[in-house]
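What follows is each chain in one-letter form.
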Amino acid sequence: MGQPRPLANLFSVELWERFSFYGMQGILAIYMYFSATAGGLGIDEGVALSIVGAYGGSVYIFSILGALVSDRLLGPEKTLFGSAVMIMIGHLALALVPGVPGLVAGLLLVAIGSGGLKATAATLVGSLYDLQDTRRDAGFSIYYMGVNIGGLFGPLVTGFAQKEWGFHLGFGLAAIGMAVGLTQYLLTRRSLPRTVHVVPDPLPRSKYPLWAAIAVVVVLVVLILVLTGAMNPGNLATIMVSLSVVGAVVIFTLLLTSEKVTGDERSRVVAFIPLFVGTAAFFALFQQQFTVITLYSDTRLDRNLFGWEMPISWAQSFNPFFIITLAPLFAALWTKLCTRQPTTPKKFALGIMLMGAAFLLFLPMVPVASVPVLWIALIMLVATLGELSLSPVGLSLTTKLAPAAFPVMMMALYNLSIALGTSLSGALAQFYSAETEGAYFGILGAVTIAIGLIMLAISKPVHQGMRGVL
């Protein structure tokens, strides 16, 4: 396709990493709340969904840690390789270590590893091109197709294995998928440019003891909180929400008060605040495909297909399927509209309102005893239309609004907005039940549409505050 050869390697690594990540996440919630006789851990449903949300949020928080390790200690290539190994070991722990110890070890390793890989993979893809290389955008499009192919097939394969042979084989297939991607990467990593082995901003050795001490203190604090019961499975999602909010406030304060930030840059940071809130609101509902919608698929969905029962996790493959199908159409639409396309704040407003509308589509099915699978497909179609309106432009916009002195900090803010929304998806899930689903979906859908309408109302001043950034 006229692209650099190493792109095929990185495409494969990301495809298999997403296969393992979404494959594992597709059966994670039901593994926790299914009874021991059904192969699960027998954890309370609300607690299980909260843990899934907290785990998903932690991936984005750990991506900030991964960026720091990449920029200051190891460089992007070594960080990606170490992260991929950690992910594979995490999946093996879930597959081979029984009970809660395997769950804790597996989730922690996969979360840290996924955060590190998320922080570095795109950097390695970017290293294959000069800034003026006209193949760059096409290369990233091909790379992100790997993300969605992995996201499509992961839940299908692991869900089928879990249904037919049990959870641990499902987790084992996720580990095998990661091993395949890692093996190919090992065989071809030498073809990457030399620049990916360089540490961009090396941490002086004189500061190693200080940062090591900080790491030890953090670990000790976490251990104390766990042992005293202050941190427990039931409040993990709330803790991750709090960490995301505190981290965002600290970074916004740093950017808005720094003397290194110019007047125009400060205005852009202020304009990013409502976009931060809107992104968090969107993902608070969107990421419930791994929490509430998983439970809904288990308890409310008629998964009978011609006498065969569809695995619960297969409902999670609708989203990547629709992305693969519709993303080229959205790209063609924005290209066709050119200067007449909506501004970025208006696209955000559209995406948020579509996500709220997707939740309102649950309401007609409240009195229905067994919901058709195609109805979930319709809901995920509307949610995906919202994602394509908001998510692709969010990452690009963040890089354009970032102050010259703080590009990494601005990217950390974007990741924190997703971490906040994902953690909220777990915290909110504790309020869901079959008896309250009408109020649950109705209130969250209406509130999210209201946030989208507010974003639409302030889109003009927000766009003006972006000071020339489209």
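Being a predicted model, the structure only gives us computed values, none of them experimental.

Q: Teacher, can you tell me more about the overall build of the protein chain here?
A: A tally of regular secondary structure across the protein chain gives 16 helices and 4 strands. By the compact-globule yardstick of 23 Å for 470 residues, the protein chain fits well, its C-alpha radius of gyration being 22 Å. In the protein chain, which comprises 470 residues, the proportion classed as buried is 50%. Nonlocal contacts in the protein chain, meaning residues at least 24 apart in sequence, comprise 82% of its contacts between residues at least 6 apart. Summed over its atoms, the accessible surface of the protein chain is roughly 20600 Å², and 72% of this surface lies on carbon and sulfur atoms. Each charge class in the protein chain was averaged separately, 25 positive and 20 negative side chains, and the resulting centres sit 12 Å apart.

Q: Explain the packing of aromatic side chains here, please?
A: The geometry of an aromatic ring pair is captured by two quantities: the separation of the ring centres and the angle between the planes. All chains considered together, the criterion is met by 28 aromatic pairs. When the ring of Phe252 is compared with that of Phe276, the centres are 5.7 Å apart and the planes differ by 80°; the resulting orientation is edge-to-face. A residue pair is termed long-range when its members are at least 10 positions apart, and Phe252 in helix H8 (residues 236-257) and Phe276 in helix H9 (residues 263-286) qualify at 24 residues. What makes Phe252 buried here is its relative accessible area of 10%. On the basis of relative accessible area, Phe276 is assigned to the buried category, the value being 7%. With 5.4 Å between their ring centres and 80° between their planes, Phe359 and Phe441 make a pair best called edge-to-face. Of the two residues, Phe359 sits in helix H12 (residues 344-360) while Phe441 sits in helix H15 (residues 437-457), which places them 82 residues apart along the sequence. Across the pair, exposure class does not vary: Phe359 and Phe441 are buried alike. Aromatic ring contacts, followed pair by pair, group Tyr296, Phe359, Phe362, Tyr432, Tyr440 and Phe441 into a single cluster. Looking at Arg18, its charged tip hangs above the ring of Phe21, at a distance of 4.3 Å from the centre. In this structure, Arg189 is placed above the aromatic ring of Phe81, and the distance from its NZ or CZ to the ring centre is 4.3 Å.

Q: What is the right way to look at helix H11 (residues 318-337) in this model?
A: Helical geometry: 3.6 residues make up each α-helical turn, so side chains three or four residues apart lie on a common side. With 20 residues, H11 ought to run about 28 Å at 1.5 Å a step, and its terminal C-alpha atoms sit 28 Å apart, in line with that. Within H11, burial applies to Phe318, Asn319, Pro320, Phe322, Ile323, Leu326, Phe330 and Trp334. Directly beyond the C-terminal end of H11, a positive phi value near 50° is found at Cys338.

Q: What is the right way to read the nonpolar core from this model?
A: As a rule of thumb, soluble globular proteins bury nonpolar side chains together. In terms of nonpolar packing, the biggest core is built from 98 residues, with Met24, Tyr55, Ile376 and Leu413 touching the most fellow members. The greatest single-element share of this core, amounting to 12 residues, is contributed by helix H13 (residues 373-401). With sequence-adjacent residues up to four places away left out, Ile376 is seen in contact with Ile293, Tyr296, Leu301, Ala315, Phe318 and Phe362. The next biggest cluster of nonpolar side chains, apart from the first, holds 20 residues, and it includes Ala121, Leu124, Met178 and Val196.

Q: I tried to follow the packing of H9 against H15 on my own but got confused; where do I start?
A: The description of two packed helices rests on the angle between their axes and on the distance between the axes. Orientation of H9 relative to H15, taken along the N-to-C sense of each, is 155°, at an axis distance of 11 Å. Considered as vectors, H9 and H15 are oriented roughly antiparallel to each other. Judged by the twist between their axes, the crossing of H9 over H15 is left-handed. Taking contact as the criterion, the partners of Pro274, Leu275, Gly278, Ala281 and Leu285 in H9 are, on H15, Leu444, Thr448, Ile451 and Met455. Here the residues of the contact of H9 with H15 sort into 7 nonpolar, 2 polar and no charged.

Q: Just to check I follow, could you spell out the pattern of salt bridges for this structure?
A: Side chains bearing opposite charge may pair, as long as their charged atoms lie close to each other. Evaluation of the coordinates by the stated rule reveals 8 salt bridges. Between Asp201 and Arg72 there is a salt bridge whose closest N-O contact spans 3.6 Å. Taken together, the residues span a long stretch of sequence, with Asp201 in the loop between helix H6 (167-188) and helix H7 (208-228) and Arg72 in helix H2 (residues 45-74) at a distance of 129 residues. Put simply, Glu14, Glu17 and Arg18 are held in one network by salt bridges that share partners.

Parameters at a glance
- Residues numbered from 1 in each chain as written.
- Predicted model: local features only at pLDDT ≥ 70, side-chain atom pairs only at ≥ 80, totals over all residues.
- Heavy atoms only, no water.
- Helix = DSSP H or I, 4+ residues; strand = E, 2+ residues; numbered from the N terminus.
- Rg over C-alpha atoms; globule rule 2.2 N^0.38 Å.
- Buried < 20%, exposed > 50% of the residue type's maximum accessible area, 1.4 Å probe, protein only.
- Contact = heavy atoms within 4.5 Å.
- Areas by Shrake-Rupley, 256 points an atom, 1.4 Å probe, with all protein chains shown as cover.
- Lys, Arg positive; Asp, Glu negative; His and termini not counted.
- Charge placed at Lys NZ, Arg CZ, Asp CG, Glu CD.
- Phe/Tyr/Trp six-rings, centres within 6.5 Å; stacked < 30°, edge-to-face > 60°.
- Lys NZ or Arg CZ within 6 Å of the ring centre and 35° of its normal.
- Expected span 1.5 Å × (residues − 1).
- Core = buried A, V, L, I, M, F, W, Y, C linked by side-chain atoms within 4.5 Å.
- Axes fitted to C-alpha atoms, helices over the stretch in contact; angles between N-to-C directions.
- Parallel < 35°, antiparallel > 145°, perpendicular 65-115°, else oblique.
- Left-handed = near helix turned anticlockwise from the far one by under 90°.
- Nonpolar A, V, L, I, M, F, W, Y, C, P; charged D, E, K, R; others polar.
- Salt bridge = Lys/Arg side-chain N within 4 Å of Asp/Glu carboxyl O.

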